[in-house]
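# Observations on the model geometry
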Amino acid sequence: MGVRAGATVLPGHQITVDEQRRLSVDDLLPSKIMHPGDAEDAGRGLRLCDLTPAAVVVWGGGTQMRLGAPPRRYDIAFSTERMTRLLEYEPADLTCRVEAGMRLSDLQAALGAQGQRLPLDPPHPERATVGGMVAANTNGLGRARYGTVRDWVIGIAVAYPSGKVARAGGKVVKNVAGYDLMKLHIGALGTLGVVAEVNLKVQAIPESEATLLGHFETATPAVAAGLLLARSYLAPAAATVLDRRALWECGLTADWRWTLALKLEGYAREVDAARDQAVGAIRDAGGRVEGADLPATFWDAVRDWSAPDGDVVLLRAIAPIAAIPTLSGAIPSEASVIIQPAAGVVDLRVAPSSAAPTLQRVRSLAGDEGQVVVASAPAAVKSSLDVWGPPPPGFPIMRALKQALDPNGILNPGRFVGGI
Amino acid sequence: MLARLRDVVGERYAFADPYEMRLYQYDASPETALPEIVVIPGTSEEVARVVKICTDASVPVTARSGASSLAGGTVPVEGGVVITFARMDRILEIDTENLRAVVQPGVVNLALSQALKPLGYYYAPDPSSQGACTIGGNVATNAGGPHTLIYGVTVNHVTGLEVALPSGELVQVGGRKSAEAIGYDLTGLLVGSEGTMALVTRIWVKIQPLPPVQKTLMAVYPDVATASNAVSAIVRTGILPAAIEMMDKLSIQAIEAASHAGYPLDAGAVLLLEVDGIPEVAQELGERMAKVCRDNGASEVRIARDEQERQALWKGRKGAFSAMGRLSSDFYVMDGVVPRTKLPETLAKIDAISERTGFKICNVFHAGDGNLHPLVLFDAFQPGQYEAVLAIGDEILKLCAQAGGSVTGEHGIGLEKRENIRYVFSDDDLEVMDRVRRVFDPHILMNPGKIFPGNGLQPSAVRYPPGYSRRQAVAGGEDLWV
Ligand SMILES: Cc1cc2nc3c(=O)[nH]c(=O)nc-3n(C[C@H](O)[C@H](O)[C@H](O)COP(=O)(O)OP(=O)(O)OC[C@H]3O[C@@H](n4cnc5c(N)ncnc54)[C@H](O)[C@@H]3O)c2cc1C
Ligand SMILES: Cc1cc2nc3c(=O)[nH]c(=O)nc-3n(C[C@H](O)[C@H](O)[C@H](O)COP(=O)(O)OP(=O)(O)OC[C@H]3O[C@@H](n4cnc5c(N)ncnc54)[C@H](O)[C@@H]3O)c2cc1C
């Protein structure tokens, strides 16, 4: 790539120093900002960026900006903050259409008024946007039972650098017309286009809910009990194993080293039966059951734990279930950990100083089928870490897809896997 | 060419005999076209090598598995090589620990669930053709089924794929054990791509525990409008049944004539509902559902008391497709989707089309997710009837699109609907899809003439063969249902 002409006038609006700081990514500052009002507007804005060409970092709620490698360049902060409308919602169809900048908590409030919800619970819903959730593929604790973002998005409108806004999918829950381009944008971190609108399936809020804790001295039986339950017909809505430190970080204390926290949801009698089953499984595995009242904020704290601020590094391993006991045995003593056994997800919070060696060790233990990502880290630490690890199989296709949809490489350059 | 293909798969498994080619010219759709060569590879590597030979020679490749496509997906409209997956029909691994199974594309859908049943598990997507269609075909079309209402369609159950690319490379994409994988979700993109990007040679699927109890209800309504409003009311209660199927008056008459399932002949419409759960919950939900049905205009609600009664209720629904033969020698199966709340008005409009054109149209469909299957009855021997029926199909799809729905809920675009796709997508939308396709297949050799409008042959070149009866083309006949 040639030298970028200093004289080129960047498109977008002037930005204040405060805003520049707020919109920094890995210590890089944007020169200008764009905040389109709707999908077509986003297309026009992107086209201008593409003509320049100016490097764009898309901003939703900003809760995921510590994910990904540092951008290679950063000229324009492209914000969805004005695209916050709930465009359509028909409760009897269990579907809705929203603009990408809508906050998750605002969406959930609108759905909740009709007794419905989106069963995805990414961290910090009061800040996180629907577009960001899609782009970052952030899935909460319910992933083993309710699936992930890809299971709930039924349609999408995306603004591309060409300036065009193209749709895929639709507004109905069952639809196989055309390619499923929704899948391409989920988890793409905004490297293929700016998600402008999202069509979602929703569900009724379960009739009943309960929480149960089981305490253990070692991780293996806690994981095993969690797995056993997750594989049963009455699978919990969330089954997470927390070490003592993580439990404390989520606002609870325990004398035991490991805790299996279960969230049970469903029809009232189902939850009763699931509770009996869970009590049995915990006792059979040698654990101690605690059903005492928990603070209402406990699950919110567990949810938000995986999106830390400040100096903390979050490593996320996704590994075959069989590898999880080995992984949990290799955790450095100063780290804290939350495991979602049925999803094969192990989240580790480590201090910046031990991030590099822990990353290396966890990568080797996760095996060929495992993947370990630096999900969040301060810029200074990130630059010394291989954030994504080796490119996945099929990477040449991914690069070619990037080239086809963003030929000038203006979208989030360098932040994604393999330098995309 | 034939010699080179035989070098890869062996003498027996690559052939070009004109008589044999005729066996591979059709699927369960009315369209036909002859391949030039048919290849039956035995391994993933063989598939990849066959694809490479074809693309190097610029010869089109069309995949064929169970050949139950209702959209002409397997019809090789531009000739070339048809690759069939008949020999790649093994279940490679069942891993109850990770709730996964690994299968070859030629595994018949039902065979997988049958293999899982003794272990207490099953594979959820259950297309009505599950005795004939394969997991490979299901992946290519993103197939649905009655129970995908609650459990989701094929893409929700596939976590990884091994595919042969047009370049001849064999790559494995996606999280094999987990649904979350680093990088773009190529698995999700490839599911439903109808063999136009790559050939699927191995599939990682999720499996799940069998429900302890299933309760099936039949609710009888005076007309389809009341029944469709009841569907919306049910969905709104917060109880999402595992399946909600609807049959209209004409279908009920056909079914009763064929199998005496016990549906009341004077009913205007029947809903079949199923809930599953632990015994006490299934019982309770069944009763609650029955009440909602009654409160919303059902004249009668019958809950199956035991498995035998349950099977009897389903038998009528499952036999609906073959029962149509009682009413007409030929019929054209449509596949459209509308938002559930638009069912009443859409069905009324379809009824009006039937009145106006004089063709009888039955409705037997997945009401719970708004997935319509109007069946237009006709006689292929009468000149002009087939063309008239296609025009009706076109009009119905337009209706669905205008109602905020889609031109296909599960059968795919294939050959049949490549012009209708314009009702739901703009040129800009299609242009992006085309760009994505060309990343995989720059020279458009993978199943050419499908999905996209305007390329390949003209619709007029596709002829409905005289005397052709759709029912004859479908393997298994009696057991299949739409
Ligand atoms: C380290 C870390 C780990 C996390 N792990 C998890 C987890 O495991 N599970 C979980 O549920 N949640 C997780 N989260 C939470 C998640 O980040 C947020 O809750 C939310 O999903 C992101 O929404 P946002 O609006 O804040 O996105 P942002 O942070 O603003 O954006 C996220 C990414 O998407 C891009 N983007 C934003 N909007 C668009 C758009 N409209 N179109 C295209 N691209 C766009 C951005 O450029 C950025 O790359 C994590 C957060 C962090 C920081
Ligand atoms: C009576 C009847 C009832 C039906 N009911 C349903 C239903 O309820 N739900 C539903 O979704 N469908 C239904 N269908 C349609 C059909 O069964 C599905 O589309 C099914 O998924 C096709 O599977 P198949 O193995 O027969 O594939 P085929 O018909 O052989 O192929 C279908 C498409 O997939 C491509 N393909 C096949 N194998 C591969 C591969 N290995 N790699 C890449 N591409 C490949 C083909 O080229 C073609 O485009 C029904 C059909 C009939 C006849």
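Here's what I pulled together on the structure shown here.

Procedures and definitions
Residues numbered from 1 in each chain as written. Chains lettered and ligands numbered in written order. Predicted model: local features only at pLDDT ≥ 70, side-chain atom pairs only at ≥ 80, totals over all residues. Helix = DSSP H or I, 4+ residues; strand = E, 2+ residues; numbered from the N terminus. Rg over C-alpha atoms; globule rule 2.2 N^0.38 Å. Buried ≥ 20, exposed ≤ 12 C-beta atoms within 10 Å, placed from the backbone. Contact = placed C-beta atoms within 7 Å. Expected span 1.5 Å × (residues − 1). Nonpolar A, V, L, I, M, F, W, Y, C, P; charged D, E, K, R; others polar. Core = buried A, V, L, I, M, F, W, Y, C linked by C-beta atoms within 7 Å. Near = placed C-beta within 6 Å. Domains from an automatic or database assignment. Pairing = 2+ DSSP bridges. Axes fitted to C-alpha atoms, helices over the stretch in contact; angles between N-to-C directions.

Quick look at the overall build of chain A now. When helices and strands are counted, chain A shows 14 helices and 18 strands. Relative to the globule expectation of 22 Å for 420 residues, the C-alpha radius of gyration of chain A, 22 Å, shows essentially globular dimensions. Expressed as a percentage of its 420 residues, the buried residues of chain A come to 58%. Put simply, of all contacts in chain A between residues at least 6 apart along the chain, 69% involve residues at least 24 apart.

A word on helix 8 (residues 224-237) of chain B. All names here are of chain B. Helix length check: helix 8 (14 residues) gives 20 Å between terminal C-alpha atoms against 20 Å at 1.5 Å per residue, within 8%. Those residues of helix 8 that fall on the buried side of the exposure criterion are Val-224, Ala-227, Ser-228, Ala-230, Val-231, Ser-232, Ile-234 and Val-235. At its buried positions, helix 8 is contacted by strand 12 (213-221), strand 13 (243-248), strand 14 (269-277), helix 10 (279-295), helix 13 (343-357) and strand 18 (361-365). One or two positions beyond helix 8, positive phi appears at Gly-238, with a value near 100°.

What follows covers the interface of chain B and chain A. Chain B puts 72 residues into the contact, and the matching count from chain A is 64 residues. At the level of elements, strand 9 (170-174), helix 7 (186-190), helix 8, helix 10 and helix 15 (427-440) of chain B are the ones that each hand at least two residues to the side of chain B that touches chain A. Counting residues per element, the side of chain B that touches chain A draws most heavily on helix 15 of chain B, which supplies 8 residues. Its residues assigned to classes, the side of chain B that touches chain A shows 33 nonpolar, 25 polar and 14 charged.

Turning our eyes to something else, we now look at the nonpolar core. Judged by nonpolar contacts, the single largest core of 294 residues is most densely connected at A:Ala196, A:Leu315 and B:Leu271. Dropping the residues within four chain positions of it, A:Leu315 is found in contact with A:Leu348, A:Val350, A:Thr358, A:Leu359, A:Val362, A:Val372, A:Val374 and A:Ala375.

Along the chain, B:Pro118 turns up in the loop between helix 4 (109-116) and strand 7 (121-122). With 7 C-beta atoms counted inside 10 Å, the residue B:Pro118 sits in the exposed group.

Here we take up unusual backbone geometry. At the junction of A:Thr52 and A:Pro53, the peptide bond is cis and its omega measures out at -20° in the coordinates. Position of A:Pro53 relative to the elements: it lies in the loop between helix 2 (39-51) and strand 2 (56-59). For B:Asn142, which is not a glycine, the phi torsion comes out positive at approximately 50°. Structurally, B:Asn142 is set in the loop between helix 5 (135-141) and helix 6 (148-151).

Below, the discussion takes up the site of ligand 1. Residue and element names in this part refer to chain A. Gly-60, Gly-131, Gly-132, Gly-190 and Ser-376 are the nearest of the 38 residues found near ligand 1. For the shell around ligand 1, the secondary-structure elements that each account for two or more residues are strand 2, helix 4 (130-136), strand 9 (194-201) and strand 18 (371-376). Looking at which element gives the most residues to the shell around ligand 1, the answer is helix 4, with 5 residues. In the shell around ligand 1, the residues fall into 18 nonpolar, 18 polar and 2 charged. Counting residues domain by domain, the shell around ligand 1 receives three or more from each of domain 1 (86-204) and domain 3 (306-382).

Moving on to the sheet that holds strand 9 of chain B. Residues and elements named next belong to chain B. What the 5 strands build is an open sheet, ordered 5-6-10-8-9; its pairing is antiparallel. Whereas interior strands pair on both sides, the edge strands pair on one side only; in this sheet they are strand 5 (91-95) and strand 9. Across the sheet, the mean angle separating the axes of adjacent strands is 15° when strand polarity is ignored. Contacting strand 5 and strand 6 (100-103), helix 4 runs over the sheet at an angle of about 40° to strand 5.

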